[in-house]
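These are the residues of each chain, in order.
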Amino acid sequence: MKPIIVISGPTASGKTALAVELAKKFNSEVVSADSMQIYKGMDIGTAKPAAEEMQGIKHNLIDIAEPYESYSVAQYSEAAEKVINRLHSEGKIPIMAGGTGLYINSVINGLDFSSGNSDENYRNELWSEAEKYGNAQLHKRLSEIDPESGKRIHENDVRRVIRALEVYKVTGMTMTEYRLAAAAAPPKYNAVKIGLEWDRAVLYDRINKRVDAMIRQGLEQEVRGLCNERFLKSTAAQAIGYKEMIAYFEGRMTLSEAIDAIKQGSRNYAKRQISFFGADKDINKIAVTGKDLPCIINEAEKLTGGLLL
RNA sequence: AGGGGUAUAGCUCAGUUGGUAGAGCAUUGGUCUCCAAAACCAAGUGCCGAGGGUUCAAGUCCUUCUGCCCCUG
């Protein structure tokens, strides 16, 4: 089984720095798992690693989409798999790093998003149905075909109710069966997962400071330059740091309100990430509060020491 | 100084004709198989500015004080 190293953690936890160090050590490359750094031109607000930070280490899956395009896990996992295969064929251990848990899981746990199991039209149909007849009606239909998912998914979580219905229509499998199949499948990689864990208050402080730094670096100008009709309707425009700036431009908040909202949004995001990664028992957590980079690298190396191609 | 207004959860506020308090946001916890920096669920919180009075009963009425806001001079 081919090895892979996965570095996860909340925003501003220092994933990039560790990934670069490990890539240097293993003479490999970084595979980014970040749903917003994929967009070109969104640099400051997504804290995209700058050239100095990368230290000559190649970062894959950054700047692979236009900000006005729509992109999703399905495309990501396909692209990531290609990069990983390439690295393996070159005899390198891929270093995957990023904060988008679903993206990581899609490749590591082999979640199946292949194009055959989606139906855009049906999905849209269900959305309008939900609007017309209400969430409860749709949820009831899910409960009939797949009681377990019905119990698991709240009726207001319309996206998931719809996706479960969609999966059933396209594959004939209920979402419950679908998940079971993924869980039963043998692991694709010999993955060593590392999670960076911070003391909450310290992490929040880092986040606040990082947002201030983004503003100094010219976040406002960056977002201004991106704004056009297509961008405003895109997924990318929902990114933290961007949606608030847009609100400011449109007069819905003052600049200082926008900055506060970015900080708050980032903190809330970090909390969700902590919760997401916390559920993965395979992650080896490194408590990093108060530790310097060499010390963190040392702990990470202990965890990855046994990996061989 | 005089007149008016206001004081309720960390914040912004709601509290009907008096029956010991609520919503949003924040916070905390959680969910997550194609928008995931998204979407969704759950939970806690109050000397109702301070004192006095009326009343069986006061966040709600009266009064004094204090803070803040507005108007007039």
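All residue numbers here refer to positions counted from 1 along the written sequence of the relevant chain. Each chain is given a letter, starting from A, and each ligand a number, starting from 1, according to the order in which they appear as written. A pLDDT threshold of at least 70 governs which residues receive local features in this predicted model, and a stricter bar of 80 or more applies before side-chain atom pairs are shown or counted, although totals over entire chains, interfaces and linings include all residues. Neither water nor hydrogens contribute to the side-chain values; these are computed over all heavy atoms in the structure.

Q: Can you lay out the layout of surface pockets for me, pointing to particular residues and giving the numbers?
A: The computed volume of the second largest pocket comes to approximately 180 Å³. Whether a set of points on the 1 Å grid over the protein atoms alone is a cavity depends on a 1.4 Å probe fitting there but being unable to get out, while an open set qualifies as a pocket with protein on both sides within 12 Å along at least five of seven lines; lining residues are those with an atom within 4 Å of a point. Contributing to the lining of the second largest pocket are 14 residues, with P10, L196, E197, I274 and K285 lying nearest its centre. Helical segments are the DSSP runs of H or I of at least four residues, strand segments are the runs of E of at least two, and each set is numbered from the N terminus. If you list the elements that add at least two residues to the lining of the second largest pocket, you get β5 (190-197), α14 (255-278) and β6 (283-287). No other element matches the four residues that α14 contributes to the lining of the second largest pocket. Grid points are joined across faces, edges and corners, and a volume is the space filled by probe spheres set on the points.

Q: Quick rundown of the pattern of salt bridges? Include the residues and the values.
A: For this analysis, a salt bridge means a side-chain nitrogen from Lys or Arg found within 4 Å of a carboxyl oxygen belonging to Asp or Glu. Evaluation of the coordinates by the stated rule reveals 20 salt bridges. In this structure, K169 engages D119 in a salt bridge whose closest nitrogen and oxygen atoms are separated by 3.2 Å. In this pair, K169 sits in helix α8 (residues 158-171) while D119 sits in the loop between α4 (101-108) and α5 (120-133), placing the two residues 50 residues apart along the sequence. As a salt-bridge pair, K263 and D212 come within 2.9 Å of each other at their nearest N and O atoms.

Q: Outline the side chain of Q273, listing residues and values.
A: Looking at the element boundaries, Q273 is found in helix α14. Any N or O atom pair separated by 3.5 Å or less is treated as a polar contact, with the protein-specific requirement of one donor-capable and one acceptor-capable atom, and with residues adjacent in sequence counted only for side-chain atom pairs. In terms of polar contacts, Q273 uses its side chain to reach the side chain of Y269, at 2.9 Å. Beyond its immediate sequence surroundings of up to four residues, Q273 is in contact with G9, P10, T11 and G99. Every residue pair with non-hydrogen atoms within 4.5 Å of one another is taken to be in contact.

Q: So, the sheet that holds strand β2 (residues 30-32): which residues are in play, and what are the values?
A: The sheet built from six strands is open, its strands ordered β3-β2-β4-β1-β5-β6 with parallel pairing. In this open sheet, the two strands that pair with only one neighbour each are β3 (59-60) and β6. Strands pair, by our definition, only if DSSP identifies at least two bridges between them. Taken together, the three bridges between strand β1 (residues 3-8) and strand β4 (residues 95-97) define a ladder with parallel strand orientation. By the bridge assignment, V6 is partnered in β4 with M96. To obtain each axis, a line is fitted to C-alpha atoms, and for helices this fit is confined to the stretch in contact; angles are then taken between N-to-C directions over 0 to 180 degrees. On top of the sheet, helix α1 (residues 15-26) reaches β1, β2, β3, β4 and β5; it is set at about 160° to β1, its chief contact. This element, α4, spans β1, β4 and β5 of the sheet and lies at about 165° to β1.

Q: Tell me what's going on with α8, and back it up with residues and numbers.
A: Compared with the 20 Å implied by 1.5 Å per residue over 14 residues, the 20 Å span of α8 between its first and last C-alpha is a close match. Of the residues making up α8, those classed as buried are V158, V161, I162, A164, L165, E166 and V167. Taken together, the buried residues of α8 touch α5, α6 (135-145) and α9 (175-184). G172 lies just past α8 and shows a positive phi near 80°. Working rule for helices: expected span equals 1.5 Å times residues minus one. Burial classes: relative accessible area under 20% of the type maximum marks a residue as buried, over 50% as exposed, and values in between as partly exposed (1.4 Å probe, protein chains only).

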